[in-house]
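# Coordinate inspection notes
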Amino acid sequence: MIKMNQNSIGKRIGEVRRDRGYSGEQFAELVNITPVYERQIESEKSSKAPSLPLLIDICNTLRVSPDYLLRDLLVNNEITEIQELDTLWKSLPPSKQSLAVAMIKAALESCDDSNT
């Protein structure tokens, strides 16, 4: 069983909540928890972690993905790789984006050819 790093999860929830303009009380009401529990979740000194249903409500209310809140606990996965590709793509000028697409297509065709 993974012990959740409450410091990072609660800190991220608090940062996003404030960025979205919600007070602790407003946010607690939106996700149907008490203001005391909301403060416990965000507190660096508390061991309170949201349940999965509550985490989903928090993500939906704050319009943030779970991987953002849990990033310190997740190992590299498909989402991480997609985000890396997205960052690389956005850093390329249009002329190099065409080259990148051609290279990816060639690599995929090569994989298909080797499997037949």
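See the structure shown above.
Residues numbered from 1 in each chain as written. Predicted model: local features only at pLDDT ≥ 70, side-chain atom pairs only at ≥ 80, totals over all residues. Heavy atoms only, no water.

Time to look at the overall build of the protein chain. For the protein chain, the helix and strand inventory stands at seven helices and zero strands. When the elements of the protein chain are put in sequence order from the N terminus, they spell out α-α-α-α-α-α-α. Its C-alpha atoms give the protein chain a radius of gyration of 20 Å, clearly above 13 Å, the size a compact globule of 116 residues would have. Going through the 116 residues of the protein chain one by one, you find that 27% of them count as buried. Taking contacts inside the protein chain between residues at least 6 apart in sequence as the whole, the part at least 24 apart equals 56%. In the structure as shown, the protein chain presents an accessible area of about 8500 Å², 55% of it carried by carbon and sulfur atoms. (Helix = DSSP H or I, 4+ residues; strand = E, 2+ residues; numbered from the N terminus. Rg over C-alpha atoms; globule rule 2.2 N^0.38 Å. Buried < 20%, exposed > 50% of the residue type's maximum accessible area, 1.4 Å probe, protein only. Contact = heavy atoms within 4.5 Å. Areas by Shrake-Rupley, 256 points an atom, 1.4 Å probe, with all protein chains shown as cover.)

Next up on the list: the pattern of salt bridges. This structure, assessed with the given rule, holds six salt bridges. In this structure, Arg17 and Glu38 form a salt bridge, with 3.2 Å as the shortest nitrogen-oxygen distance. Linking Arg17 in helix H1 (residues 6–19) with Glu38 in helix H3 (residues 35–42), this pair joins segments that are 21 residues apart in sequence. Per residue, the accessibility class of Arg17 equals that of Glu38, and both read buried. With its nearest N and O atoms 3.0 Å apart, the salt bridge here joins Asp86 to Lys90. Placement of both Asp86 and Lys90 in helix H6 (residues 78–91) is noted, with a separation of four residues, approximately one turn of the helix. The network of salt bridges with shared partners includes Arg17, Arg18, Glu38 and Glu42. (Salt bridge = Lys/Arg side-chain N within 4 Å of Asp/Glu carboxyl O.)

Of all the residues in H3, the buried ones are Glu38, Ile41 and Glu42. Mapping the buried residues of H3 onto a view down its axis gives an arc of 90°, with all of them on the same face. (Arc of directions from axis to C-beta.)

When its volume is computed, the largest pocket comes out at roughly 190 Å³. Along the walls of the largest pocket sit Leu85, Leu88, Trp89, Ser91, Leu92, Ala100, Met103 and Ile104, which together make up its complete lining. Looking at the lining of the largest pocket, the elements that each hand over two or more residues are H6 and helix H7 (94–114). (1 Å grid on protein atoms, 1.4 Å probe; cavity = no way out; pocket = protein on both sides within 12 Å on 5 of 7 lines; lining within 4 Å. Points joined across faces, edges and corners; volume = space filled by probe spheres on them.)

Inspection of the secondary structure puts Thr61 in helix H4 (residues 52–62). Residue contacts for Thr61: discarding those within four places in its chain leaves Tyr22, Phe27, Leu30 and Val31.

What follows deals with the packing of aromatic side chains. Under the counting rule described, the total for this entry stands at one aromatic pair. Sitting over the ring of Tyr68, Arg12 keeps its end group 5.4 Å from the ring centre. (Phe/Tyr/Trp six-rings, centres within 6.5 Å; stacked < 30°, edge-to-face > 60°. Lys NZ or Arg CZ within 6 Å of the ring centre and 35° of its normal.)

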